[in-house]
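What follows is each chain in one-letter form.
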Amino acid sequence: MQQFDTYSFSGKKVIVRLDLNVPLNSEYEITDQTRINAALPTVKKIIKDGGKAILISHLGRPGGERLQKYSLRHIVKSLSKKLNVTVQFVGDCIGEEVSEAANKLKEGEVLLLENLRYYPQEKAGDPSFAKKLADLADVYVNDAFGTAHRAHASTAVISSFFGPKDKMFGYVIENELEAIQKVLENNDRPFTAIMGGAKISDKILLIEKMLDKVDNLIIGGGMSFTFFKALGGNVGSSLVEEDKLNLAKIILDLAKEKDVNLFLPPDSIIADSFGNDAQLDVKDNMEIPEQWMGLDIGPKAIEDFKEVIAKSKTILWNGPLGVFEMANFQNGTKSIAEAIVEATKNGAYSLIGGGDSAAAINTFNLQNDVSYISTGGGALLEFLEGKKLPGIAAIVD
Ligand code: AMP
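We now turn to the structure provided with this report.

Conventions we followed
Residues numbered from 1 in each chain as written. Predicted model: local features only at pLDDT ≥ 70, side-chain atom pairs only at ≥ 80, totals over all residues. Heavy atoms only, no water. Helix = DSSP H or I, 4+ residues; strand = E, 2+ residues; numbered from the N terminus. Rg over C-alpha atoms; globule rule 2.2 N^0.38 Å. Contact = heavy atoms within 4.5 Å. Areas by Shrake-Rupley, 256 points an atom, 1.4 Å probe, with all protein chains shown as cover. Lys, Arg positive; Asp, Glu negative; His and termini not counted. Charge placed at Lys NZ, Arg CZ, Asp CG, Glu CD. Phe/Tyr/Trp six-rings, centres within 6.5 Å; stacked < 30°, edge-to-face > 60°. Buried < 20%, exposed > 50% of the residue type's maximum accessible area, 1.4 Å probe, protein only. Near = heavy atom within 4 Å. Polar contact = N/O pair within 3.5 Å; in protein donor to acceptor, adjacent residues only side chain to side chain.

A few points about the overall build of the protein chain
Here comes step 1: Check the secondary structure of the protein chain and you find 14 helices and 17 strands.
Here comes step 2: Taking 397 residues into account, the globule formula puts the C-alpha radius of gyration at 21 Å, and the protein chain, at 23 Å, falls close to it.
Here comes step 3: When its C-alpha atoms are laid out on the principal axes, the protein chain stretches across 70 × 45 × 35 Å.
Here comes step 4: Sequence separation of at least 24 residues holds for 73% of the intrachain contacts in the protein chain that already meet a minimum separation of 6.
Here comes step 5: With the model as given, the accessible surface of the protein chain reaches about 17000 Å², and the carbon-plus-sulfur share is 46%.
Here comes step 6: Computed over 44 positive and 54 negative side-chain charges, the separation of the two mean positions in the protein chain equals 5 Å.

Topic: the packing of aromatic side chains
The geometry of two aromatic rings is summed up by the distance between their centres and the angle between their planes.
Here comes step 1: Summed over all chains, the structure comprises five aromatic pairs.
Here comes step 2: Look at Phe4 and Phe9: their rings are 5.3 Å apart centre to centre, the planes differ by 50°, and that puts the pair in the tilted class.
Here comes step 3: Ring centres 4.7 Å apart and planes at 45° place the aromatic pair Tyr7 and Phe9 in the tilted group. Take Tyr7 and Phe9: they sit in the same class, and that class is buried.
Here comes step 4: Among the aromatic residues, those joined into a ring-pair cluster are Phe4, Tyr7, Phe9 and Tyr171.

Some thoughts on the site of the ligand
Here comes step 1: The immediate surroundings of the ligand are formed by 14 residues, with Ala198, Gly222, Gly294, Gly322 and Glu325 found nearest.
Here comes step 2: Within the side chain of Lys203, one N or O atom sits 3.2 Å away from an oxygen atom of the ligand.
Here comes step 3: The separation between a nitrogen atom of the ligand and a polar main-chain atom of Gly294 is 3.0 Å.
Here comes step 4: Starting from 510 Å² of accessible surface for the ligand in isolation, the protein chains cover 83%.

As structure tokens, then:
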């Protein structure tokens, strides 16, 4: 497989699939630059080599329509500033005007094309649309990990129009693959996975996969209450998936069978309604009163989990341990984030991502204190579950 770093892009037209799907406010201002920042090293390397960079991406869900609010035009200014070049822009991603602009590019110049998802053919993985994109360039670089689990025209289908030496991943995907490999294959022990978030049903494949890999599995967040109910506990009106009670029991048995230490939170911060102004209390998770719900892990759970994390040498964290979006239910997720930071300082390798845990760690401003934060939500989950991602397979296979 062609390595990105050793390829010389000098004089080549390079089509680069990025994930520039940044959030915009009603004034079309970028409210979080994370994805643009992540894309910069790859583009910089190409233009430093004297390549001609043609950048493609989706933005939001325009559903095949040309909606102004989803125009990539809104990011031109910021991208130009960060790359320190004037980024050229064409209001389309295929067609004559685009080909002309691509052909006129000089070495070291950058052209950004309009939102790929203005065309329904993008999500449909239409080969003729993919070929029109491919015809713009000599080389294809995929660096959009966040969409690698989709078999879209620009993420998977396009690569069939390039020879093996002229298609490759950029730095973002290379780093993601390295981080995942470090956690799943080349890990130091003990290996602890921390799983939170709302529902077991979203995470079941990952939980099953992790039971074959980890020494410790910590389960918190909304999904823990299905386990407590399955164990015969009173969970009040906490989030429960009634149809997953049996599954929860199976997971508990499987953990025993596979010799994995499974940790559930012994207590919770409970509230009498789902809101920041609710009345609060602390209770054991087997004894939550009627009408009350657990919205964050409690003090005993924090102590238990911190102890496990402190002894871990590899840590994977997916999903918040409480409703961290509300200040009253942030403490559990924050304490666990801090414990992961501390373990990382002491030499552990920590990978955060998939779901809201990356957002959580940004909220607490700890994003620079862990080993790696994945740029992929669904893509990371599917990868960890052992699924083949079309955007990865298209280049590796
Ligand atoms: P996920 O996308 O599956 O990682 O789920 C994240 C969501 O789970 C966040 O929006 C949290 O607010 C929510 N969540 C975490 N803990 C709880 C809880 N105890 N009760 C209800 N929702 C929760």
